[in-house]
Amino acid sequence: MIVPIRLLTEQERRYDIVIDALPELNFQRKVAVVSNPTVAGLHKDRLLQRLKAPQIEWIEVPDGEEYKTMDTVLGILDRLFEAQFDRRSLLIAFGGGVIGDMTGFAASIYQRGIGFVQIPTTLLSQVDASVGGKTGVNTRWGKNLIGSFYQPEAVYIDPAFLETLPPREYAAGIAEVVKMAVMFDREFFEFLEKSDLKNPAVAVEMIARSVRLKADVVNQDEKESGVRAVLNYGHTFGHVIENETGYSRYLHGEAVAIGMVMANELATDLGLLSCREAERIRDLLQKWGLPVEYTVRDPQAFYEHFYLDKKSMNDRIKFVLPGGSIGTHIMRSDIPAEEVVAVLERFTEKR
Ligand SMILES: NC(=O)c1ccc[n+]([C@@H]2O[C@H](COP(=O)([O-])OP(=O)(O)OC[C@H]3O[C@@H](n4cnc5c(N)ncnc54)[C@H](O)[C@@H]3O)[C@@H](O)[C@H]2O)c1
Ligand SMILES: [Zn+2]
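The rules behind the values
- Residues numbered from 1 in each chain as written.
- Chains lettered and ligands numbered in written order.
- Predicted model: local features only at pLDDT ≥ 70, side-chain atom pairs only at ≥ 80, totals over all residues.
- Heavy atoms only, no water.
- Helix = DSSP H or I, 4+ residues; strand = E, 2+ residues; numbered from the N terminus.
- Buried < 20%, exposed > 50% of the residue type's maximum accessible area, 1.4 Å probe, protein only.
- Contact = heavy atoms within 4.5 Å.
- Polar contact = N/O pair within 3.5 Å; in protein donor to acceptor, adjacent residues only side chain to side chain.
- Pairing = 2+ DSSP bridges.
- Axes fitted to C-alpha atoms, helices over the stretch in contact; angles between N-to-C directions.
- Domains from an automatic or database assignment.
- Buried area = accessible area lost by both parts, 1.4 Å probe.
- Salt bridge = Lys/Arg side-chain N within 4 Å of Asp/Glu carboxyl O.
- Parallel < 35°, antiparallel > 145°, perpendicular 65-115°, else oblique.
- Nonpolar A, V, L, I, M, F, W, Y, C, P; charged D, E, K, R; others polar.
- Donors = N, O, S within 2.8 Å, 3.2 Å for Na, K, Ca; no water.
- Core = buried A, V, L, I, M, F, W, Y, C linked by side-chain atoms within 4.5 Å.

A. Fine view of the environment of Arg316. Of note, Arg316 is situated in the loop between α11 (299–305) and β11 (319–322). Its relative accessible area of 55% is what places Arg316 among the exposed residues. Between the C-alpha atoms of Arg316 and Arg297, which are 19 residues apart in sequence, the distance is 23 Å. The contacts of Arg316, once residues within four sequence positions are left out, are Ser333 and Asp334. Here the side chain of Arg316 touches Ser333 through a polar contact of 3.1 Å, landing on its backbone oxygen.

B. Spotlight on the sheet that holds strand β5 (residues 56–60). With parallel pairing, the 6 strands of this open sheet are ordered in space as β1-β10-β7-β6-β3-β5. Only two strands of the sheet have a single neighbouring strand rather than two, namely β1 (16–19) and β5. Along the sheet, successive strands turn relative to each other by an average axial angle of 15°, direction set aside. Alignment of strand β3 (residues 31–35) against strand β6 (residues 90–95), held across 4 bridges, turns out to be parallel. Residue pairing in the sheet places Ala32 in a bridge with Leu91 of β6. On the sheet, helix α3 (residues 97–109) packs against β3, β6 and β7 (115–120) and is oriented at approximately 170° with respect to β6. Each of β1 and β10 (154–157) is contacted by helix α7 (residues 200–220), which is oriented at about 170° to β1, the strand it contacts most.

C. Representation of the domain arrangement of the protein chain. With domains assigned, the protein chain is organised as domain 1 (12–163) and domain 2 (166–218 + 228–345). Contact residues are listed per partner, giving 18 residues for domain 1 and 22 residues for domain 2. Taken over both partners, the interface formed by domain 1 and domain 2 buries close to 1,700 Å², and the fraction arising from carbon and sulfur atoms is 72%. In this assembly, domain 1 and domain 2 are joined by 3 salt bridges. Put simply, the parts of the chain that give the side of domain 1 that touches domain 2 at least two residues each are β1, α4 (123–129) and β9 (142–149).

D. Representation of the packing of helix α9 (residues 252–269) against helix α10 (residues 275–287). Packing of α9 against α10 brings their axes to within 10 Å, and their N-to-C directions diverge by 175°. Viewed along their axes, α9 and α10 adopt a mutual orientation that is roughly antiparallel. Taking contact as the criterion, the partners of Ala257, Met260, Val261, Asn264 and Thr268 in α9 are, on α10, Cys275, Ala278, Ile281, Arg282 and Leu285. Across the contact of α9 with α10, the residue classes break down as 7 nonpolar, 2 polar and 1 charged.

E. Structural context of helix α8 (residues 235–244). Most of α8 sits inside the fold, with 8 of its 10 residues counted as buried. For α8, the full list of buried residues reads His235, Thr236, Phe237, Gly238, His239, Val240, Ile241 and Glu242. In the core, the buried residues of α8 are packed alongside β9, α5 (167–184), α9, α11, β11 and α12 (337–345). Looking one or two residues past α8, Gly246 carries a phi angle of roughly 65°, positive in sign.

F. Quick look at the pairing of β9. Two strands pair when backbone bridges link them, and strand β8 (residues 134–139) and β9 are joined in this way by 5 bridges, in the antiparallel orientation. Looking at the pairing, Thr139 lines up with Gly142 of β9. Hairpin remark: β8 followed by β9, antiparallel, with 2 residues in the connecting loop.

G. Highlighting the coordination of the zinc ion (ligand 2). The coordination sphere of the zinc ion (ligand 2) contains the protein donors Glu176 (OE), His235 (NE2) and His252 (NE2), at a distance range of 1.9 to 2.1 Å. Here the donor residues for the zinc ion (ligand 2) map to a single chain with the spacing E-x58-H-x16-H. Note that Glu176 is positioned in helix α5 and His252 in helix α9, a separation of 76 residues in sequence. Looking at His252, the relative accessible area reads 21%, which means it is partly exposed.

H. Inspection of the nonpolar core at higher detail. Core analysis: the largest hydrophobic core is formed by 71 residues, its most contacted members being Val178, Leu192, Met206, Phe237, Met262 and Phe302. Domain assignment of the residues forming this core places at least three in each of domain 1 (12–163) and domain 2 (166–218 + 228–345). Not counting residues up to four positions away in its chain, the partners in contact with Met262 are Phe237, Ile241, Tyr294, Val296, Phe302, Val343, Leu344 and Phe347. Counting 22 residues, the second-largest nonpolar core is a separate cluster that includes Ile76, Leu80, Phe85 and Phe105.

Below you can see the structure in the form of structure tokens.
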């Protein structure tokens, strides 16, 4: 006997990403806001002025990637039980990607799943982490290895929150924007080159265009069985750099910037990108003070490190590269190890 299950989920999984000044949010159910002391110290009042609900729990967790753990999530869940949250209750993630990933994960497992809303406050989380429904925590085995695909009910992106963001964090977000432009949209890349991205009006356009690009990708491939993997451009190398440097020397976006430069060198070697185009990408990253150099101590060890990345469990490592020019992409899992190691060799001394 065959009993068919046909889940009627499509309709309820539609939601909007609103890019604008934070509107008044009126909920007829219990709400818990998850944030950290940094974001709360700067923006708690602004959020509470706009948030209406019969009961509001304010949950703060320590600030930092090192607290993106199962323990912190269990602490959040405890608070929800104490406040007698039920399946109708709502979580709001109020902070950067760390808060967003953990809050989404907590929402996905509390009583088998309750609603959640994202209010991202860093550039990186506004253009990348809050879009697409990946949630999770880090473990001692690696980053983001426990988690779920769990879409929010809505995302509210208010660029005004970025006014308090340290410049280094802003630049790290730009790295992810550059990633999307190089992979998908040459005209957008040119816009990034020539515009004053610190100007608030220009920043809004940059955020909107990035979100649209990422949303397009996620709409085609929510669970990363195809095109979504293109968003890993720069990340295959970047993750190794983050790991080798103990997740402390570079912000994630900074490691991705170096990773893109490495990927571009590989693409240049393979005849997929001209030196001139690689130079343009490097120049744009450098203009934002992003690192583009890194000293690889042991190229062979660096290469073997790729296998620790969950995105390359198979024998063949998948490289995402520009596919001929800026604005195009290609995924290759047939690149001989020697080709890659030859690129890494060039990063063994200051050039
Ligand atoms: N889910 C996804 O698809 C996805 C995509 C990319 C990254 N991520 C995850 O996102 C995380 C990185 O996110 P992030 O770069 O936002 O880091 P983060 O959340 O650590 O925020 C960076 C710092 O900025 C502070 N901050 C946040 N908003 C601020 C504001 N408005 N003013 C001043 N300071 C502010 C934070 O407290 C923190 O100290 C990583 O854990 C990464 O794995 C997830
Ligand atoms: Zn990233």
